[in-house]
Amino acid sequence: MALLEIDDLHVSFKTMDGVVRAVAGVSLSLDARRTLGIVGESGSGKSVTAQTIVGLTRFPNAKISGRIMFDGRDLVSMDADHLRDIRGARIAMIFQDPLSSLHPFFKVGHQIVEAIRVHEDVPRDVAKRRTIEALRSVGIPSPEERFDSFPHEMSGGMRQRVMIAMALALRPDILIADEPTTALDVTVQAQVLELIQALRDDFGTAVILITHDLGVVAQMCDDVAVMYAGRVLEQAPREVLFDGPQHPYTWGLLQSIPRLDAPRSDRLSPIAGSPPSLINVPRGCTFHPRCPYTPPPALETEPPLEEAEPGHLVRCHLSVEERRRLWQSLQSEHPALR
Ligand SMILES: Nc1ncnc2c1ncn2[C@@H]1O[C@H](COP(=O)(O)OP(=O)(O)OP(=O)(O)O)[C@@H](O)[C@H]1O
Ligand code: SF4
Ligand SMILES: [Mg+2]
């Protein structure tokens, strides 16, 4: 059985401009010791999906339906008190900007000690020892001294390490990392990703890694879900996805992986056009306004997420044979895709 099973999750927000359908029927599962990558352009519903798992989208204007099964219980219908017990201790989350999750007025060591003591009945000195151990294991130099630092006294990379140390000290079953390295420079990015990998390998923590970067997915993830307009368009084990991607949107993302010699600004416009408004989602296939293929049914009916081969799900009206043929011809046009 999967460790976490998301089943037909819908999340919408009522706003002044209309109802934002941020997540529209997402089903995903995460197995123990696996890393699931969620990729997609800005506004595809990645963060809302992740935040809903830990109950962070329960705003008065939000409507949430579907199920998120964890350890035999449904997190969607769970009351806030029980969910608070799970958040942090069993499902930890780290964000792009660690400053937003660290309290500015408390020393970082103290914050980790408190986080441990909220969830576990351990004496302060034991919690402190565990904190220093955790700070050490994420590569923070002189952790005994750093224990007494304030967040603003640390660099962005160090703060992200502190967040990972906090996650590590609590030994969660699942770590959700939402763009954990976007704000960091390249070398620090690599170190933080290595730490997350180590956390998984050493403690068996399952990871959900949200990123714009397919390169990171290729390097880190066991399974991949490609999201667009609140939906999963393609989902497969990593090797399957990179060997034979079958969705036109995924092809677009792959074509836009920046070359190392390309300037950073090239990352900004991956596919012609932009993602749709989530208030007025296109009829039929949500990707059709940007898709170069568009068989007629795509304009009217939304394709279901269907199994193209074992473990490989694709939401597209084209037949598997057509998709294979198109991918092959794309590869012959663009050698970089091979
Ligand atoms: N509390 C909220 N109220 C209204 N709309 C929201 C709220 N939270 C998120 N949204 C909207 O939901 C949509 C999905 O947002 P989400 O943050 O999940 O995207 P994302 O895939 O994480 O994008 P990014 O890559 O930019 O982080 C966006 O259109 C966003 O504006
Ligand atoms: S269903 Fe049609 S429009 Fe949508 S991705 Fe497939 S080919 Fe493109
Ligand atoms: Mg996001």
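Counting restarts for each chain, with residues numbered from 1 along the sequence as it is written. Chain letters and ligand numbers both follow the written order, the letters beginning at A and the numbers at 1. Local features in this predicted model are restricted to residues of pLDDT 70 or higher, and side-chain atom pairs are both shown and tallied only at a pLDDT of 80 or more, whereas totals for entire chains, interfaces and linings draw on every residue.

Caption draft 1: Expanded view of the packing of helix α4 (residues 124–137) against helix α6 (residues 156–170). At their nearest, the axes of α4 and α6 sit 8 Å apart, and the two run at 130° to each other. Classified by the interaxial angle, the pair formed by α4 and α6 is oblique. Crossing hand, α4 versus α6: right-handed. Touching Arg130, Thr131, Ala134, Leu135 and Ser137 of α4 are Ala165, Leu168 and Ala169, all from α6. For every element, the axis is a line fit to its C-alpha atoms; helices are fit only across the contacting stretch, and the angle between N-to-C directions ranges from 0 to 180 degrees. We count a stretch as a helix when DSSP gives it H or I for four or more residues in a row; a strand needs E for two or more, and each element gets its number in order from the N terminus. Just so you know how the angles are binned, under 35 degrees is roughly parallel, over 145 roughly antiparallel, 65 to 115 roughly perpendicular, and the rest oblique. In this scheme the handedness of a crossing depends on how the near helix is turned from the far one: anticlockwise by less than a right angle means left-handed, clockwise means right-handed. By the criterion used throughout, residues are in contact when their C-beta atoms, derived from the backbone, lie within 7 Å.

Caption draft 2: Local environment of the site of ligand 2. Placing the C-beta atom from the backbone, one calls a residue near a molecule or strand if that atom lies within 6 Å of it. Every one of the 13 residues lining ligand 2 counts as a neighbour, but Cys285, His288, Cys291, Ala298 and Cys316 are closest to it. Each residue is assigned to one class: nonpolar for Ala, Val, Leu, Ile, Met, Phe, Trp, Tyr, Cys and Pro, charged for Asp, Glu, Lys and Arg, and polar for all the others, Gly among them. Along the lines of polarity and charge, the residues of the shell around ligand 2 split into 10 nonpolar, 3 polar and no charged.

Caption draft 3: Representation of unusual backbone geometry. A positive phi angle, close to 45°, is found at Arg171, a residue other than glycine. The residue Arg171 is located in the loop between α6 and β7 (174–178) in this model. With 18 C-beta atoms counted inside 10 Å, the residue Arg171 sits in the partly exposed group. Of note, Glu179 is a non-glycine position whose phi angle comes to about 50°, a positive value. A residue is classified by how many C-beta atoms lie within 10 Å of it, and Glu179, with 19 of them, is partly exposed. Counting other C-beta atoms within 10 Å of its own, a residue is labelled buried from 20 upward, exposed at 12 or fewer, and partly exposed in the gap between, with every C-beta atom placed from the backbone.

Caption draft 4: Just the environment of Arg129, in detail. Inspection of the secondary structure puts Arg129 in helix α4. Linking Arg129 and Arg73, residues 56 residues apart in sequence, is a C-alpha distance of 33 Å.

Caption draft 5: Structural detail: the site of ligand 1. Surveying the vicinity of ligand 1 reveals 14 residues, the closest of which are Phe13, Ala22, Ser42, Ser47 and Val48. The element best represented in the shell around ligand 1 is helix α1 (residues 46–53), accounting for 3 residues. Classifying every residue of the shell around ligand 1 by side-chain character gives 6 nonpolar, 7 polar and 1 charged.

Caption draft 6: Region of interest: the sheet that holds strand β9 (residues 223–228). The strand order across the open sheet formed by 8 strands is β6-β7-β8-β3-β9-β10-β12-β11, and the pairing between neighbours is mixed. Strand pairing shows two members of the sheet lacking a second neighbour, β6 (91–94) and β11 (306–309), which therefore form its edges. In this sheet, adjacent strand axes meet at a mean angle of 20° when their direction is disregarded. Strand pairing is assigned whenever DSSP detects at least two bridges linking the two strands. Judged from the 5 bridges that link them, β7 and strand β8 (residues 206–211) form a sheet pairing that is parallel. Its bridge partner lying in β8, Ile176 is registered against Ile208. Contacts between α6 and the sheet are confined to β6 and β7, with β6 contributing the most and set at about 175° to the helix.

Caption draft 7: Structural view of the sheet that holds strand β4 (residues 62–70). Reading across the sheet, the 4 strands line up as β2-β1-β4-β5 and stay open at both edges, with antiparallel pairing between neighbours. Looking along the sheet, the strands with just one partner apiece sit at the ends: β2 (18–30) and β5 (73–74). As judged from the 2 bridges shared by β4 and β5, these two strands associate in the antiparallel manner. The residue of β5 that forms the bridge with Met69 is Asp74. α1 contacts β1 (4–15), β2 and β4 of the sheet and is inclined by roughly 70° relative to β2.

Caption draft 8: Seen up close, α1. Among the 8 residues of α1, 7 are classified as buried, and the element is accordingly described as predominantly covered. Every buried residue belonging to α1 is among Lys46, Ser47, Val48, Thr49, Ala50, Thr52 and Ile53, and all of these are buried. Within two residues after α1, Gly55 carries a phi angle of roughly 80°, on the positive side.

Caption draft 9: Here's a closer look at the confidence of the model for the protein. On average, residues of the protein carry a pLDDT of 91, and 96% of them reach 70 or more. Residue range residues 265–269 is modelled with pLDDT below 50. Its contacts to residues more than four positions away, or to other chains, number 2 contacts. In predicted models, pLDDT denotes the confidence assigned by the predictor to each residue on a 0 to 100 scale.

Caption draft 10: The pairing of strand β3 (residues 35–39), seen in detail. For β3, the tally of buried residues reaches 5 of 5 residues, placing the bulk of the element in the interior. Every second residue of β3 is oriented toward a common face, with Thr35, Gly37 and Val39 on one face and Leu36 and Ile38 on the other, all of them buried. Across 5 bridges, the pairing between β3 and β8 is parallel. Counterpart to Val39 in the pairing with β8 is Thr211.

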